[in-house]
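Coordinate analysis (summary)
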Amino acid sequence: MPSSLPPKERTKRYRFFFQQVHEALVPDGRFVLHTMTAEAQPIGPKILADLKFLQRSEFAGMHIPHLHELAAAAEGLFEVVELVNEREAFARACRAWLARLARRRDEAAALESEEVVARFERYLDIFAYTLEDRFFNNFRLTLVRKGGRA
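Presented here is an overview of the structure given in this document. Quantities reported herein were computed from a predicted structural model and do not represent experimental measurements.

Looking now at the overall build of the chain. For the chain, the helix and strand inventory stands at 6 helices and 3 strands. The linear arrangement of helices and strands in the chain, starting from the amino end, is α-β-α-α-β-α-α-α-β. Principal-axis analysis of the C-alpha atoms places the extent of the chain at approximately 55 × 30 × 25 Å. Within the chain, the proportion of its 150 residues that are buried is 35%.

Right, let's talk about the pattern of salt bridges for a bit. Taken as a whole and judged by the stated rule, the model has 12 salt bridges. Across the pair Arg95 and Glu132 runs a salt bridge whose closest N-O atoms are separated by 3.0 Å. Note that Arg95 is positioned in helix α4 (residues 87-103) and Glu132 in helix α6 (residues 114-132), a separation of 37 residues in sequence. For Glu132, a relative accessible area of 40% puts it in the partly exposed group. A salt bridge links Arg105 to Glu121, with the shortest nitrogen-to-oxygen separation between them at 2.7 Å. Taken together, the positions of Arg105 in helix α5 (residues 105-111) and Glu121 in helix α6 put the pair 16 residues apart, joining distant regions of the chain.

Approximately 340 Å³ is the volume found for the second largest pocket. Lining of the second largest pocket is provided by 18 residues; of these, Tyr14, Thr35, Met36, His63 and Pro65 occupy positions nearest its centre. Looking at the lining of the second largest pocket residue by residue, the class counts come to 14 nonpolar, 3 polar and 1 charged.

Let's shift gears to the nonpolar core. By size, the foremost hydrophobic cluster in this structure holds 17 residues, and its most contacted members are Leu51, Leu54, Phe127 and Phe136. Elements supplying a minimum of two residues to this core: β1 (30-38), α2 (45-58), α4 and α6. The greatest single-element share of this core, amounting to 6 residues, is contributed by α6. Apart from the residues within four sequence positions on either side, Leu54 is in contact with Phe59, Ala60, Tyr123, Ile126, Phe127 and Phe136. Counting residues in hydrophobic clusters, the runner-up holds 14 residues, among them Phe18, Val21, Ala74 and Leu77.

A separate point is the sheet that holds strand β2 (residues 78-85). What the 3 strands build is an open sheet, ordered β1-β3-β2; its pairing is antiparallel. In this open sheet, the two strands that pair with only one neighbour each are β1 and β2. Between one strand and the next, the sheet's axes are offset by a mean angle of 25°, whatever the strand orientation. Sheet contacts for helix α3 (residues 67-74): β1, β2 and β3 (136-145); angle to β1, the most-contacted strand, approximately 150°.

Conventions and cut-offs
- Residues numbered from 1 in each chain as written.
- Predicted model: local features only at pLDDT ≥ 70, side-chain atom pairs only at ≥ 80, totals over all residues.
- Heavy atoms only, no water.
- Helix = DSSP H or I, 4+ residues; strand = E, 2+ residues; numbered from the N terminus.
- Buried < 20%, exposed > 50% of the residue type's maximum accessible area, 1.4 Å probe, protein only.
- Salt bridge = Lys/Arg side-chain N within 4 Å of Asp/Glu carboxyl O.
- 1 Å grid on protein atoms, 1.4 Å probe; cavity = no way out; pocket = protein on both sides within 12 Å on 5 of 7 lines; lining within 4 Å.
- Points joined across faces, edges and corners; volume = space filled by probe spheres on them.
- Nonpolar A, V, L, I, M, F, W, Y, C, P; charged D, E, K, R; others polar.
- Core = buried A, V, L, I, M, F, W, Y, C linked by side-chain atoms within 4.5 Å.
- Contact = heavy atoms within 4.5 Å.
- Pairing = 2+ DSSP bridges.
- Axes fitted to C-alpha atoms, helices over the stretch in contact; angles between N-to-C directions.

By themselves these figures say nothing about function.
Below, the structure written as structure tokens:
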């Protein structure tokens, strides 16, 4: 989702996504969405620089949604039957991937480049600490399609 869109337009686009999923499922069909969401947190200089890095180098122009945007877009189409925040598990996974990469860093740099490895290390570290600091969430939503056609 482009970050340049105003909130109402983003919600419309999320709604379109959920309508497409709704149409693809039979009534009472289940859909699992695994997604990052952002929380409204105070932003200091370090996190601002890191978010700009992510937006410029990894997710050019993309918007990480707030949970309320997704809920509004799915309203009337789906019932949320499970909402699990896997934030801590994903933060641990990022830390484990960082440690594993550190052990084989020379090999990774030889396969790709020093620049690619350094960028991936920064990416993993940013996601780990932003999850640990509760700036981002990592939700698994299980949705059940409500009756009739959209």
